[in-house]
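Architecture at a glance
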Amino acid sequence: MATGLLAVPAHAAPDPADIALVNRLTWGVDEASVKDIADGGPSRFIDEQLRAPPSKLPPEAQAQVDAMRISREPMAQLVVEIDAQNKAANAITDPVEKKAARDAYNKALNDLNREAQSRSLLRDLYAPDQLREQMTWFWFNHFNVQANKRDIRAMVGDYEDQAIRAHALGRFRDLLEATLRHPAMLRYLDNDQNAVGKINENYAREIMELHTMGVGSGYTQKDVQELARILTGVGVDLKPTAPKLKPQWQPLYLRSGLFEFNPARHDFGDKQFLGHTIHGSGFGEVEQALDLIAASPATAHHVSSQLATYFVGDAPPAALVDRMAMTFQRSKGDIAAVLRTLFRSSEFKASLGKTLKDPVHYAVSAVRLAYNGRTILNTDPLSNWLQRMGQGLFAHETPDGYALASSDWSGPGQMATRFEIARLIGSGAAGLFKPRDGAKPEQPAFPQIQSALFFQSLQPQLSASTTQVLAKATSQQEWNTLYLSSPEFMRR
């Protein structure tokens, strides 16, 4: 039997509650995270994760990120270059040449999207500030955009990095405006087509319904319409020069990268929004509207409910959500403060180890455990597994993002796919150590799950039935597959 060859280290097992806390606040247990909580205790571990500044990755992983085009070229430059490539392809008349040019254009977009996915996964796997990376995923899902719409594939890496990640543990009001100012969001929800005389309500509706106050929270269709008017002129401009404007409008024009507020496209009439009169003034109207939305008790409750669902589980206790919402309002939307209220609650502690991992948590935690800090060389297999499990990165088509409820990820088809992925990871390197460009040979690698980390921290938490199943494994590969398929590993 594969397990009989390994001796259990003679060390005291860590507190199971501490291991469960690590599993919840990170993308999965590894030696470094267990050492962190063992050295400082759970309270210090929580505080350090909440306060951790954005950090660099270990050298081998950081080198992969630094070599990416999205790391070397500003997003605005990438988008302009891609747009020029598209226009040049469209101008070709020869059908064969046109197809080749269109294929090259789409490949360039796909390469940028793949880089963004790879950077995101490398950070999930290896970043010391694990909670920030987990919150980056949560907020991206909350403020979802789909990469395959229009030219968003050239923008999505910057959207995740600058609009989301930079504000993931900051103030909600800042995060809300950062997403509003990003061309990926403006493209995705069509606000770049929202202009006086040609109102597009898509973005205004999703801000109210999904991003802030939530359905049934008291705002009206009239509020949506008025917010759409407020948002007229907020859009995207790829041209290098500012548009020609009337003299009175020139001081009101705003431009930052590809983001643009064009007063010539703005409705300057007064608006009645959430019971307040907002006088026509330009982009200042947007600031006023965001202030009102972010300060709304409905926003505090809706966002707190989403956070509690993500970190505690389906139908979180109402009393917990109410306390989080109070912290949200008292702290003026300080995300870290709201999370601190959540993480220190009895309801959170009672939920540890009982929440089903969603596909991203499952796949990333499996690789973190299997290779325990060793840097993979190719994230494509990981991206493909997420796609197969129905949670591909930047791939959700509708603005509501992927479901947070466990029931959406517990069907028999999902479990069958997870078992197959467990077999791929448990049986060998699964392509994770095969460089994408083929410039170097694939590195030998085999998952080392039965390590000191397993015996000290994970084995004591196994049920008798899981232990019996594992004991029947006839090879290390089979044991790995069975453990990664076990109920204990499926939960966080």
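The text that follows walks through the structure, step by step, so that each part is easy to find. (Residues numbered from 1 in each chain as written. Predicted model: local features only at pLDDT ≥ 70, side-chain atom pairs only at ≥ 80, totals over all residues. Heavy atoms only, no water.)

1. Some remarks on the overall build of the protein chain
Selection rule: In this text, helices come from DSSP runs of H or I with a minimum length of four residues, and strands from runs of E with a minimum of two, each type numbered from the N-terminal end. Computation of the radius of gyration draws on C-alpha atoms, with the globule rule given as 2.2 Å multiplied by the number of residues to the power 0.38. Only protein chains enter the calculation, and the probe is 1.4 Å; a residue is then buried if its accessible area is under 20% of its type maximum, exposed if over 50%, and partly exposed in between. Should any heavy atoms of two residues lie within 4.5 Å, those residues are considered in contact. Computed with a 1.4 Å probe, the accessible areas rest on the Shrake-Rupley method; for each residue, only the protein chains presented here act as cover. Here the positive residues are Lys and Arg and the negative ones are Asp and Glu; neither His nor the chain ends is included. Positions of charges follow a simple convention, taking NZ of Lys, CZ of Arg, CG of Asp or CD of Glu.
In terms of helices and strands, the protein chain carries 24 helices and five strands. In summary, the protein chain has a C-alpha radius of gyration of 24 Å against a globular reference of 23 Å for 492 residues, a match within 12%. Dimensions of the protein chain along its principal axes, counting C-alpha atoms only, are 80 × 60 × 40 Å. Within the protein chain, the proportion of its 492 residues that are buried is 55%. The contacts of the protein chain with a sequence gap of at least 6 include a subset with a gap of at least 24, amounting to 72%. Summed over all atoms, the accessible surface of the protein chain reaches about 20400 Å², with 54% contributed by carbon and sulfur. Computed over 53 positive and 55 negative side-chain charges, the separation of the two mean positions in the protein chain equals 1 Å.

2. What about unusual backbone geometry?
Positive phi is not limited to glycine here, since A315 has a value of about 50°. With respect to the helices and strands, the residue A315 is situated in the loop between α14 (297–312) and α15 (318–330). Under the relative-accessibility criterion, A315 is labelled exposed at 73%. Unusually for a residue other than glycine, N372 sits at a positive phi of about 45°.

3. Overview of the sheet that holds strand β3 (residues 259–261)
Condition: A pair of strands counts as paired when DSSP detects no fewer than two bridges linking them. Each axis is a line fitted through C-alpha atoms, taken for helices only over the stretch in contact, and angles between the N-to-C directions span 0 to 180 degrees.
An order of β1-β3-β2 is seen for the three strands of this open sheet, with the pairing classed as antiparallel. Both outer strands of the open sheet, β1 (234–236) and β2 (254–256), are each paired with one neighbouring strand and no more. In this sheet, adjacent strand axes meet at a mean angle of 20° when their direction is disregarded. Pairing of β1 with β3 involves three bridges; the strand directions are antiparallel. Considered in β3, the bridge of G235 is made with E260.

4. What about the packing of aromatic side chains?
Counted only if it meets this: Aromatic pairing here means that ring centres of Phe, Tyr or Trp (its six-membered ring) are within 6.5 Å. Orientation follows from the plane angle: under 30 degrees is stacked, over 60 is edge-to-face, and everything else is tilted.
Scanning the model with the defined rule gives 23 aromatic pairs in all. Judged by centre distance (6.0 Å) and plane angle (35°), the rings of F143 and F172 are tilted. With F143 in the loop between α7 (130–142) and α8 (156–164) and F172 in helix α9 (residues 172–180), this pair connects stretches of sequence that are 29 residues apart. In terms of burial, F143 and F172 fall into one category: buried. Ring pairing ties together the aromatic residues W137, F138, W139, F143, F172, Y310, F311, F328, F343 and F348, which thus form one cluster.

5. Comments concerning the nonpolar core
In plain terms, the rule: Here the nonpolar core consists of buried residues drawn from Ala, Val, Leu, Ile, Met, Phe, Trp, Tyr and Cys, with membership extended through side-chain atoms lying within 4.5 Å.
Ranked by size, the top nonpolar core spans 143 residues in total, and within it M135, W139, L227, L339, F343 and Y483 carry the most contacts. Once residues lying within four places of it in the same chain are set aside, the contact partners of M135 are A168, L169, L307, F311, I335 and L339.

6. Quick notes on helix α23 (residues 476–484)
Buried residues of α23: W479, N480, T481, Y483 and L484, and no others. Looking at the packing, one finds that the buried side of α23 touches α18 (359–371), α20 (412–427), α21 (452–458), α22 (464–471) and α24 (487–490).

7. Re the pattern of salt bridges
Note the threshold: Here, a salt bridge means any side-chain nitrogen of Lys or Arg that lies within 4 Å of a carboxyl oxygen of Asp or Glu.
Following the criterion strictly, the structure yields 34 salt bridges and no others. Where R187 meets D151, a salt bridge forms, and the shortest distance between an N and an O atom there is 2.9 Å. Of this pair, R187 sits in helix α10 (residues 183–188) while D151 sits in the loop between α7 and α8, and the two are 36 residues apart along the sequence. The exposure class assigned to R187 is buried, which follows from its relative accessible area of 9%. Between D237 and R255 there is a salt bridge, with its nearest N and O atoms 3.7 Å apart. A residue pair is termed long-range when its members are at least 10 positions apart, and D237 in the loop between β1 and β2 and R255 in strand β2 qualify at 18 residues. Here the residues in one salt-bridge network are K107, D111, R114, D380 and R436, joined through shared partners.

8. Digging into the environment of G214
Within the element layout of this structure, G214 appears in the loop between α11 (202–211) and α12 (221–230). Each C-alpha atom, one on G214 and one on T299, is 7.1 Å from the other, the two residues being 85 residues apart in sequence. When residues no more than four places from it in sequence are discounted, the contact partners of G214 are M208, E209, Y219 and H302.

9. Considering α8
In an α-helix there are 3.6 residues to a turn, and that puts residues three or four apart on one side. Counting buried positions over the nine residues of α8 gives seven, a clear majority of the element. The complete set of buried residues in α8 reads V156, G157, Y159, E160, D161, A163 and I164. On the buried face of α8, the contacting elements are α6 (95–126), α7, α9 and α10.

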